[in-house]
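What follows is the residue order along each chain.
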Amino acid sequence: MEKQRAERNRTLTLSEEEKQIFEKQIFHLSQKSSLEQVENQIIQGDLFETIDLLPENSVDLMIIDPPYNLSKNFNGLNFNGRSNQEYIEYLESWFPKVIRLLKKDASLYICGDWKCSAALYEVTSKYLKVRNRITWQREKGRGASSNWKNCTEDIWFATVSDDYYFDVNAVKQKKRVIAPYKQDGKPKDWQATEDGNMRITFPSNFWDDISIPFWSMPENTDHPTQKPEKLIAKLILASSKPGDLVFDPFVGSGTTCVTAKKLGRRYLGVEIDEEYCLWGAKRLLQAETDSEIQGYNGGYFWERNSLNLQKMQSSITKDDLRLFNE
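Given the structure is predicted, the values throughout are model-derived calculations rather than measurements.

Enquirer: Can you help me understand the sheet that holds strand 17 (residues 300–302) in this one?
Expert: Across a sheet, strands are paired by hydrogen bonds formed along the backbone, either parallel or antiparallel in direction. Spatially, the five strands line up as an open sheet ordered 11-12-8-17-16, and their pairing is mixed. Whereas interior strands pair on both sides, the edge strands pair on one side only; in this sheet they are strand 11 (191–193) and strand 16 (296–297). Looking at chain direction, strand 8 (residues 173–176) and strand 12 (residues 196–201) are connected through four bridges and run antiparallel. Among the inter-strand pairings, K175 is bridged to a residue of strand 12, identified as R199. Lying on the sheet, helix 7 (residues 229–239) is in contact with strand 8, strand 16 and strand 17; it crosses strand 17 at an angle near 155 degrees.

Enquirer: Sorry, what's going on with the pattern of salt bridges here?
Expert: Oppositely charged side chains can form a pair if their charged atoms are brought close together. According to the stated counting rule, one finds 19 salt bridges in the structure shown. As a salt-bridge pair, E153 and K227 come within 3.7 Å of each other at their nearest N and O atoms. Of the two residues, E153 sits in strand 7 (residues 152–159) while K227 sits in the loop between strand 13 (206–207) and helix 7, which places them 74 residues apart along the sequence. Both residues of the pair, E153 and K227, belong to the buried class. A salt bridge links K241 to D244; its shortest N-O distance comes to 4.0 Å.

Enquirer: It is not clear to me how the environment of I42 should be interpreted in this structure. Could you clarify?
Expert: Structurally, I42 can be placed in strand 1 (residues 41–44). Classification of I42 by relative accessible area gives buried; the value is 9%. What I42 contacts, discounting residues up to four positions off in sequence, is F27, V251, G254, C257, G269, C277, G280 and L284.

Criteria and cut-off values
The numbers attached to residues start from 1 for each chain and follow its sequence in the written order. It should be noted that, the model being predicted, local features are given only for residues of pLDDT at least 70 and side-chain atom pairs only at 80 or more, the latter also being counted only at that level, while totals for whole chains, interfaces and linings use all residues. Based on all heavy atoms of the structure, the side-chain values leave hydrogens and waters out of the count. Strand pairing is assigned whenever DSSP identifies at least 2 bridges connecting the two strands. Strands here mean DSSP runs of E at least two residues long; helices mean DSSP runs of H or I at least four residues long; both are numbered from the N terminus. Any two residues whose heavy atoms approach within 4.5 Å are treated as being in contact. Throughout, an axis means a line fitted to C-alpha atoms (over the contacting stretch in the case of helices), and angles, computed between N-to-C directions, take values from 0 to 180 degrees. A carboxyl oxygen of Asp or Glu within 4 Å of a side-chain nitrogen of Lys or Arg is what we treat as a salt bridge. Exposure is judged per residue with a 1.4 Å probe applied to protein chains only, and the accessible area is read against the type maximum: over 50% gives exposed, under 20% gives buried, and values in between give partly exposed.

Pasting the structure below:
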């Protein structure tokens, strides 16, 4: 039965007419193809059957959000939790194949939670150079009476070699200053504005500014493990240049491809579920006229719950921005 949604619910939906339109646009791959034939597509298919048909040494940035080691229903396709060793064997069944797509100066990010993070590190470090572990805070989650509430996830950052691209200036954060410090009577590393005391900071490997997509956000879908566009945008901006190819082998409802498109990158994704591909197709169409990414405004990533400040961004002059960056 179709879900009954509240009037203000902005979760993505597809009418029967839209489904018929987007079904014709679904891309299938049956033979080995060149990059020009597959770029800027979401491929519907089984990764195990598709990966050998994709061009090697073609990807600048790979973002992987595989099924975590949990029992989860993905629109009728069940992934069952297993022992740690069995999960490592699962990763080994596809990870060496997908990284053949990476260029020699490429980067990779792979997502997981506390339960599978160690396995992800073990497999990733076997084939690539692990650079860091990002931990990001989920601001929502169920409580637990006999354990600590699980409200963080990990992202392992790795590169093929020591020659890789990383632009820290593209992912600076804009924050309110709680305790403004002055030196010689002047603001130290912050500026007073009409919107309050603000500071531009370099990002760390702990992110507490991410909002999980929910019903009032237009990027929201019914995918059970959808990643926020803001989260993916940080990875793309830091580790790729405009025009680079971003690849996601478990693209789900299309978030990586949509975010890449909004940020001027080429994209490629693989997803086995047809309905998720349809959602991705509609989101890609919407991105042609709406390139907004929640929480990213004026070239900076803003704190969570700072929408009003972001809207006031236009009141800040170029001279203000220059001072922020000095």
